[in-house]
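Breakdown of the fold
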Amino acid sequence: MLLVTSRGTGRWVIPKGNIGPGSSLPEAAAQEAEEEAGVSGALCPVPLGAYRYRKRRGSGASLMIDVDVFPLAVTQELPTWKEQGERERRWFSLAEAAERVDEPDLRELIRSFAPSQFRVAVQQSGARATANRTNHKWGTMFAWFQRLLPKTGNFFEMFEAHAATVLAGAEATARLLEGGPSAKEHIREVVEREHDADAITRDVLKTVRATFLTPFDRGAITALIGALDDTIDEMQVFAAACDLYEVTEFEPEMRDMAAIIVDAARVTAEAIPLLRDVARNGERLHELTERVIRIEGHADEIHAAGLKRSLQKHGASDTLRFVVERELYKHLERIVDAFEDVADEIDGIVIDHA
């Protein structure tokens, strides 16, 4: 399989790109293969499947992109091609290609493309079907017994994934508050990050119900993931308000609050992994939660100063502008308040377990 390097990061990827006007998906795929990898050949018009990845835009927004993957049987390697000086191309075995790409879904697509993998999957499916028919009774009893076995769940991994998503949402919110023509992209990223966080929250809640042994009290687990989720929910509400009122220019105090939100998200992302060993990390966790509380107090001062300036500047001459800015300040304050709630939940866990 032929892979090319990304122009931005140098990592190994498949040729891909946007669909030009009037082009079909297969035509666009063939064109990208020629421009990026310098190859042509017979293209199957039916996609192998699809995968998603995040692409960094020039504005700084990191947006989710859906990619349909088409197999192309290479019949010609061109000596020169459009992006020859910008990329490296190299042939790999399917197993090597799967290991070189970063996207998990693309990795599985590459692996499944190997005929040997198809044969193994079919053989395994057949063996399982035979076993299920001959051992149905024992299988049912084992499934019942298995449900009684202690389970611990992967709560720490999910907490850390959620905290990383919250941090990405905070950074997108800060980019939105920088203003400019890319506001729509930053709003979209905040919404996407909020959807990602919701999915993790649902996984945590399902795992709590199915888990026998949990690292903390079940109520503490649900309260912590709920507080984390509230932070990015409030970011999404703020982004929606910017979109509704079509605000693209922001006051200095709003940008200062955005910087505080990013700082609170970074502190939270540092604190969450320490919950894996609360007894050993209790003192550091208290330091981090106290920092979030101090951050929240500073945000209150900035919020009051910004609101006062907005009233003096627009209260008499542009009441609508003042009302919109007051609402935006309210949403920004709620984001910071939500991070303080996360700090309180972490403190509760430390008190109970350290």
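One structure accompanies this document, and this report is about it. (Residues numbered from 1 in each chain as written. Predicted model: local features only at pLDDT ≥ 70, side-chain atom pairs only at ≥ 80, totals over all residues. Heavy atoms only, no water.)

**Brief notes about the overall build of the protein**
Across its full length, the protein carries eleven helices and seven strands. Counting the 354 residues in the protein, one finds 40% classified as buried. If you take every contact in the protein between residues at least 6 apart in sequence, the share linking residues at least 24 apart comes to 75%. (Helix = DSSP H or I, 4+ residues; strand = E, 2+ residues; numbered from the N terminus. Buried < 20%, exposed > 50% of the residue type's maximum accessible area, 1.4 Å probe, protein only. Contact = heavy atoms within 4.5 Å.)

**Regarding the sheet that holds strand β7 (residues 89–91)**
The strand order across the open sheet formed by three strands is β2-β1-β7, and the pairing between neighbours is antiparallel. Two strands lie at the open edges of the sheet, namely β2 (12–13) and β7, each paired on one side alone. Bridge analysis of strand β1 (residues 2–5) against β7 gives three bridges, and the strand direction is antiparallel. The residue bridging L3 from the neighbouring strand is R90, located in β7. (Pairing = 2+ DSSP bridges.)

**Side note on the packing of helix α7 (residues 183–210) against helix α8 (residues 218–245)**
As a packed pair, α7 and α8 sit with axes 9 Å apart at the nearest point and diverge in direction by 160°. When the interaxial angle is binned, α7 and α8 end up roughly antiparallel. Between α7 and α8 the crossing geometry is left-handed. In this structure, α7 uses K184, I187, V190, V191, R193, E194, A197, D198, T201, V204, L205 and V208 to contact α8, whose residues at the interface are R218, I221, T222, I225, D229, I232, D233, M235, Q236, A239, C242 and D243. Each residue belonging to the contact of α7 with α8 can be placed in one class, and the counts come to 13 nonpolar, three polar and eight charged. (Axes fitted to C-alpha atoms, helices over the stretch in contact; angles between N-to-C directions. Parallel < 35°, antiparallel > 145°, perpendicular 65-115°, else oblique. Left-handed = near helix turned anticlockwise from the far one by under 90°. Nonpolar A, V, L, I, M, F, W, Y, C, P; charged D, E, K, R; others polar.)

**Digging into the side chain of T173**
Tracing the backbone through its elements, the reader meets T173 in helix α6 (residues 155–177). The buried category is assigned to T173, whose relative accessible area is 2%. Those residues in contact with T173 that sit more than four places away from it in its chain are V190, M235 and F238.

**A closer look at the nonpolar core**
Grouped together as the largest cluster of nonpolar side chains are 66 residues, with contacts concentrated most on L224, M235, F238, L275, L328, F339 and I346. Those elements giving two or more residues to this core turn out to be α6, α7, α8, α9 (252–274), α10 (278–314) and α11 (319–353). Leave out the neighbours within four places in its chain, and L328 touches F238, A241, C242, V247, F250 and M254. (Core = buried A, V, L, I, M, F, W, Y, C linked by side-chain atoms within 4.5 Å.)

**Looking at the layout of surface pockets**
A volume near 1300 Å³ is recorded for the largest pocket. Lining the largest pocket are 47 residues; nearest its centre among them are I14, P15, K16, G17 and V67. Secondary structure elements with two or more residues in the lining of the largest pocket: α1 (25–37), β3 (39–43), β4 (49–56), β5 (62–69), β6 (72–77) and α3 (104–112). Of the residues forming the lining of the largest pocket, the biggest block, eight residues, is contributed by α1. Counted by class, the lining of the largest pocket contains 28 nonpolar, five polar and 14 charged residues. (1 Å grid on protein atoms, 1.4 Å probe; cavity = no way out; pocket = protein on both sides within 12 Å on 5 of 7 lines; lining within 4 Å. Points joined across faces, edges and corners; volume = space filled by probe spheres on them.)

**Notes on the side chain of E32**
Mapped onto the elements of the fold, E32 is located in helix α1. For E32, the contacting residues outside a window of four places in its chain are P15, K16, G17, N18 and A37.

**Topic: the packing of aromatic side chains**
Overall, the coordinates contain three aromatic pairs when judged by the stated rule. With centroids separated by 5.1 Å and ring planes inclined at 80°, the aromatic side chains of W12 and F92 adopt a geometry described as edge-to-face. Highlighted residues: W12 in strand β2 and F92 in the loop between β7 and α2 (94–100), separated in sequence by 80 residues. For W12, a relative accessible area of 9% puts it in the buried group. Between the aromatic rings of Y51 and Y53, the centroid separation amounts to 6.1 Å while the plane-to-plane angle is 35°, which identifies the pairing as tilted. Given a relative accessible area of 2%, Y51 falls into the buried group. The residue whose ring lies beneath K16 is Y53, and the NZ or CZ to ring-centre distance is 5.0 Å. (Phe/Tyr/Trp six-rings, centres within 6.5 Å; stacked < 30°, edge-to-face > 60°. Lys NZ or Arg CZ within 6 Å of the ring centre and 35° of its normal.)

**A closer look at empty space enclosed by the protein**
The full count for this structure, using the stated rule, is two cavities of 30 Å³ or more. Counted as a void, the largest cavity has a volume near 40 Å³. Lining the largest cavity, in full, are V267, T268, A271, L288, T289, V292, F339, V342, A343 and I346. When contributions to the lining of the largest cavity are tallied by element, the ones reaching two or more residues are α9, α10 and α11. Here the lining of the largest cavity takes four residues from α11, the largest share from any one element. By volume, the second largest cavity amounts to about 30 Å³.

**Topic: the packing of α10 against α11**
Closest axis-to-axis distance for the α10/α11 pair is 9 Å, and the angle between their directions is 165°. The orientation of α10 with respect to α11, classified from their angle, is roughly antiparallel. Here α10 runs over α11; the crossing is left-handed. Among the residues forming the contact of α10 with α11, the class breakdown is 16 nonpolar, nine polar and eleven charged.

The analysis is restricted to geometry; functional conclusions fall outside its scope.
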